Structure formats: C-alpha cells, structure tokens
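# Observations on the three-dimensional arrangement
The primary structure of each chain is shown beneath.
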Amino acid sequence: MRKKILITVIVVVLIFYLSSGVYQVGPSEVALVKTFGRYTSSVGPGMHFHLPYPFQSHVKVDVKSVRKIEIGFRTVKVGVYESVPSESLMLTGDGNIVSVEAAVQYRISDPASFAFNVVRDEELVRFTAESILRQEVARVDIDTILTIGRDEVALKTKEKLQRILDEYGVGIKIDRVLLQEVAPPDEVVEAFDDVNNAKQDKERMIKEAERYYNDVVPRAQGQAEKMIREAEAYANEVYLTAKGKAERFLKVLKEYEKAPDVTARRMVYEALEDFLNSSTVLVDLENSTLKILDAWRFLGGEGR
C-alpha cells in the first residue's frame, strides 16, 4: 500500500514537474529557449513545451508592439503632460536656449540580442537619444530649429541613434523621432515674440517694396520704350524728308545745269504759285498792326 502511494506521489510530482515546461507565447511575442542557461532556439506564438528547469527555460520578448520614450516631458495621464526642463532645455548653435520635447518610437528587431544584452532598454534609448538630439540642436541656429529645420534635426537624430544602437548590438530598431514641441523658454517668450514681430514687419516691408518696384519699374520701362520708338520714328521721318528734299534738289540742279534760264524761271513760277495758294501775315510798320492777307488779293491790290 505504501509502495502504491509512493509511486502515485512520484507520478503526480513528475507530472507537475513536466507540466512546468509547458508555456504559451502571445501573438506579438517570441520565446527564446535556453538550455542549461544558454540560448539555443526561438519559437513563435502558441503553446510550446521544453524540458523543465534546470534543463531548459525560456524568455518571452514582445517584438511587434511599438515602444515609446519621452525626452523633455512625461505623460502623467491621457492628455496631461509634465515638462522636464533638465531634459528639454538645449543650447543652439548661435548661443540661444530652446526648449525641445521629443518622443522616440522603437521596436525590437532582434529578440535574442535585446533579451541578453539589454537590462533597461528605456533608459538606454532615452539617454542615447537625448545626447544625439543635443548635438543636432547645437549644429543649427534658433530660427532654423523653430521653423524649417525641425524635420531635418529629427531625421538626423533618428539616423545617428540607429547607427549607435546597431553598434551596441542591442537588437532595437528606431521607427520615428518626433519633435513634438520646440519653443523658447517661458522666461524669454515675450522678448522672442517681439523679435519675431520685428522680423515679420521687415519681411512685410520688403514685400511691399518689391511689389511697388514691380509696379513702377515695368511702367517706366514701357514709357521709356514708347519715347524711344517715337524718337526713332521722328528721326526716320526727318531723315526721309531731308533725303527726299536732297534728292529733289539734286534733280533740279541737274536740270538747272542743262538749261539754267528755263529752270530758274520755272522755279520762280513754282515759288509764286506756292505763295499765291497760301495765306501770308504781313506787318504794317506805319500803323503797327498785323494783317492777314490772301496773297493773290495782296498782289492784286485788294487788302483786308
């Protein structure tokens, strides 16, 4: 009887002992199996069995969930955040102080390296990311980090952080580095706003000057071009008129050389004809008056 009880007890203990090697791996997890404390294999989600301790054991690692660390602030609860000035205040390349709050999202890419080489992954990622972020902020001036340079600083921080973690061999992949808030410290916000307003006024005045320039200069250029064209047209007209008169004179000269008397008489007649066909202003010196006479009446003795 005692023997049967002993056998039963041994079987029950053996069953419980062997059942300790049964384990379940979650959908987002990977189990790392160790034999005599040394990593030998890994298994995915589902029910699994390995030899009980001390022969084999396992470590489960979540490889699909995205992990997040915060730099410069902490999430107290959903929608409520608390600033950490010792992390957020950073020095820019032009000697100004800026408050930078960032979030780093990462996941596990190599579960074996992560499980056996990292003790506190959040502290590792936070301290490394903060150090690199300070270096990148120190490379730019305050205007750049507050405006167009935010995305570039975040991208360079991500690249350098990934490179350093790969050198550490910790099996961590950085998904994103987000600069959630970049602003001047509270103590200098008012002065900084004054500087920004002055810069905006400067930009506005420059734009207005450029707009005035773009309006006046083309108009002046158009007027100048018009005057040049009119002057050229007048010059061409005078030139052609003078040329025509010169050619006419040369023709008359040629005829005059052939028959001087006839040509001279014809020229007199033509001059008289022009005179008779026009109105002429004559000055009466005795009466100190002006009279407008038709030439033919004047010549005929009839005045008015």
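All values derive from a computational prediction rather than experimental measurement. (Residues numbered from 1 in each chain as written. Predicted model: local features only at pLDDT ≥ 70, side-chain atom pairs only at ≥ 80, totals over all residues. Heavy atoms only, no water.)

Looking now at the nonpolar core. Val104, Ile145, Ile172 and Leu179 are the most contacted members of the largest nonpolar core, which has 35 residues in total. If one sorts the elements of this core by residue count, strand β10 (residues 97-108) sits on top with 6 residues. Non-local contacts of Val104, meaning those with residues more than four positions away in its chain, are made with Arg67, Lys68, Ile69, Ile71, Val125, Ala129, Leu161, Ile174, Arg176 and Val177. (Core = buried A, V, L, I, M, F, W, Y, C linked by side-chain atoms within 4.5 Å. Buried < 20%, exposed > 50% of the residue type's maximum accessible area, 1.4 Å probe, protein only. Helix = DSSP H or I, 4+ residues; strand = E, 2+ residues; numbered from the N terminus. Contact = heavy atoms within 4.5 Å.)

Let us now look at the packing of aromatic side chains. Enumeration according to the criterion identifies 3 aromatic pairs in this entry. Note on Tyr39 and Phe116: the rings are 5.8 Å apart at their centroids and 50° apart in plane angle, and the pair reads as tilted. You can see Tyr39 sitting in strand β3 (residues 38-43) and its partner Phe116 sitting in helix α3 (residues 111-117), a full 77 residues away along the chain. Judged by its relative accessible area of 36%, Tyr39 is partly exposed. (Phe/Tyr/Trp six-rings, centres within 6.5 Å; stacked < 30°, edge-to-face > 60°.)

With that settled, consider the confidence of the model for the chain. For the chain, the mean per-residue pLDDT works out to 82, and 85% of the residues sit at or above 70. Note that residues 292-296 has pLDDT below 50 and, in this model, 16 contacts with residues that lie over four places away or in other chains. Confidence drops under pLDDT 50 across residues 298-304; counting only partners more than four residues distant or on other chains, this segment forms 11 contacts. (pLDDT = per-residue confidence, 0-100.)

A separate point is the pattern of salt bridges. Considering all chains together, one arrives at 15 salt bridges under this definition. The salt bridge partner of Arg107 is Asp175, with a shortest N-O separation of 2.9 Å. Of this pair, Arg107 sits in strand β10 while Asp175 sits in strand β11 (residues 172-183), and the two are 68 residues apart along the sequence. Overall, Arg107 belongs to the partly exposed group, its relative accessible area being 27%. A salt bridge links Glu232 to Arg229, with the shortest nitrogen-to-oxygen separation between them at 3.4 Å. Of the two residues, Glu232 and Arg229 are both situated in helix α7 (residues 189-258); the distance of 3 residues between them amounts to about one turn of the helix. With relative accessibility at 45%, the residue Arg229 sits in the partly exposed group. Here the salt bridges do not stand alone but share partners, grouping Arg107, Lys173 and Asp175 into one network. (Salt bridge = Lys/Arg side-chain N within 4 Å of Asp/Glu carboxyl O.)

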